[in-house]
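What follows is the residue order along each chain.
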Amino acid sequence: LDKAKEIFQSGPVPLKRAFENNLDGVFEEHKKIVRKINRDTNLIIFYGIGTGLFYEAVRKWLKEDRTRKLLFIEDSCPAFDNFLRSALAHEILSSQQVSFQIVKEDDFLIKKIAWEHVLLRAQIFANPFYLKEKSPKFLELKDKLTSEFYGANLIVGDYSDFGELHFRNVLKNLLSAQELY
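One structure accompanies this document, and this report is about it. (Residues numbered from 1 in each chain as written. Predicted model: local features only at pLDDT ≥ 70, side-chain atom pairs only at ≥ 80, totals over all residues. Heavy atoms only, no water.)

**Here's the deal with the overall build of the protein**
The cut-off we apply is this: The helix count covers DSSP runs of H or I at least four residues long, the strand count covers runs of E at least two residues long, and both are numbered beginning at the N terminus. Exposure classes here rest on a 1.4 Å probe applied to the protein chains alone. A residue is buried below 20% of its type maximum, exposed above 50%, and partly exposed in between. Every residue pair with non-hydrogen atoms within 4.5 Å of one another is taken to be in contact.
Within the protein one finds 9 helices and 4 strands. Order of helices (α) and strands (β) in the protein, N terminus to C terminus: α-α-α-β-α-β-α-α-β-α-β-α-α. Here the protein holds 181 residues, and 42% of them are scored as buried. Pairs at least 24 residues apart make up 72% of the contacts formed inside the protein by residues separated by at least 6 positions.

In structure tokens form, the structure reads like this:
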């Protein structure tokens, strides 16, 4: 937590105001999120990077299994720029288990995230500040991601379990189902 305080102090003024000098509380909120991670989860999607403090809370979880992944999703370029200036940025950017995605109102990027992480068991969380300030946007993002993950996993699972002929038949039937109505 001392390193986190140093990180926080090195951050820009808007971030300092956003956290209202309550770094201990923010870190505790992050630890609560980590306690909600299911045992079989191997991908955490975290909306709102902040100064990267969530990485500190989830670091042990990542180190326990090298196949686990953390994906930070950010919708604010200035917030991502602030993160890049933080003391933790270099360490997080160097991690093979951590990736980033800047997302705007683009459903293609949501599909891309799902397909790049197909067959991983994902959980989606938000930075506590974003959860408070951008709750509707987070819920929409979470719904879209969940839907795209289900779709991608269903397609890949169907194809791998039953083969190409079955997959083509199901796809043909789905595409022609519209004509029945």
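**Brief notes about the packing of aromatic side chains**
How we decide: Pairing of aromatic rings covers Phe, Tyr and the six-membered ring of Trp, with a centre-to-centre limit of 6.5 Å; geometry is then stacked below 30 degrees between planes, edge-to-face above 60, and tilted otherwise. Here, a charge over a ring is recorded when the distance from Lys NZ or Arg CZ to the ring centre is within 6 Å and its angle to the ring normal is within 35 degrees.
Inspection of the entire model under this criterion finds 9 aromatic pairs. A centroid spacing of 5.7 Å and a plane angle of 15° characterise the contact between Phe72 and Phe100, whose relative ring orientation is stacked. Of this pair, Phe72 sits in strand β2 (residues 69-74) while Phe100 is found in strand β3 (residues 98-102), placing the two residues 28 residues apart along the sequence. Taking relative accessible area as the criterion, Phe72 reaches 1% and is therefore assigned buried. Within the aromatic cluster, the residues linked to one another by ring pairs are Phe46, Phe54, Phe72, Phe80, Phe83 and Phe100. One Lys or Arg, Lys134, reaches over the ring of Tyr130 and ends 4.3 Å from the middle of that ring.

**Concerning the pattern of salt bridges**
As a reminder, the rule being used: We count a salt bridge whenever a side-chain nitrogen from Lys or Arg sits within 4 Å of a carboxyl oxygen from Asp or Glu.
A full pass over the atoms with the stated rule returns 13 salt bridges. In this structure, Glu116 engages Lys112 in a salt bridge whose closest nitrogen and oxygen atoms are separated by 3.3 Å. Taken as a pair, Glu116 and Lys112 lie in helix α7 (residues 107-116) at a separation of 4 residues, close to a single helical turn. When its relative accessible area of 49% is taken as the criterion, Glu116 is described as partly exposed.

**Section: the pairing of strand β4 (residues 122-126)**
On a regular strand, one side chain projects to one face of the sheet and the next to the other, so that they alternate. For clarity, the cut-off: Pairing between two strands is assigned when DSSP locates at least 2 bridges connecting them.
For β4, the tally of buried residues reaches 4 of 5 residues, placing the bulk of the element in the interior. Bridging between strand β1 (residues 43-47) and β4 involves 5 bridges; their strand directions are parallel. Among the inter-strand pairings, Ile45 is bridged to a residue of β4, identified as Ile124.

**A few points about the nonpolar core**
The condition that has to hold: By nonpolar core we mean a set of buried residues, namely Ala, Val, Leu, Ile, Met, Phe, Trp, Tyr and Cys, connected to one another through side-chain atoms within 4.5 Å.
Ranked by internal contacts, the top residues of the largest apolar core, which has 24 residues, are Ile44, Phe54, Val58, Leu70 and Phe72. Looking at this core, the elements with two or more residues in it are α3 (23-35), β1, α4 (53-64), β2, α5 (77-84) and α6 (89-94). Here this core gets 7 residues from one element, more than from any other, and that element is α4. Not counting residues up to four positions away in its chain, the partners in contact with Ile44 are Ile37, Phe54, Val58, Trp61, Lys69, Leu70, Leu71, Gln123 and Phe125.

**Some words on unusual backbone geometry**
As a rule of thumb, non-glycine residues mostly have phi less than zero, and peptide bonds are mostly trans rather than cis. Backbone geometry places Leu119, a non-glycine residue, at a positive phi of 70°. Among the secondary structure elements, Leu119 is positioned in the loop between α7 and β4. Owing to a relative accessible area of 49%, Leu119 belongs among the partly exposed residues under this scheme.

Geometry only, nothing functional implied.
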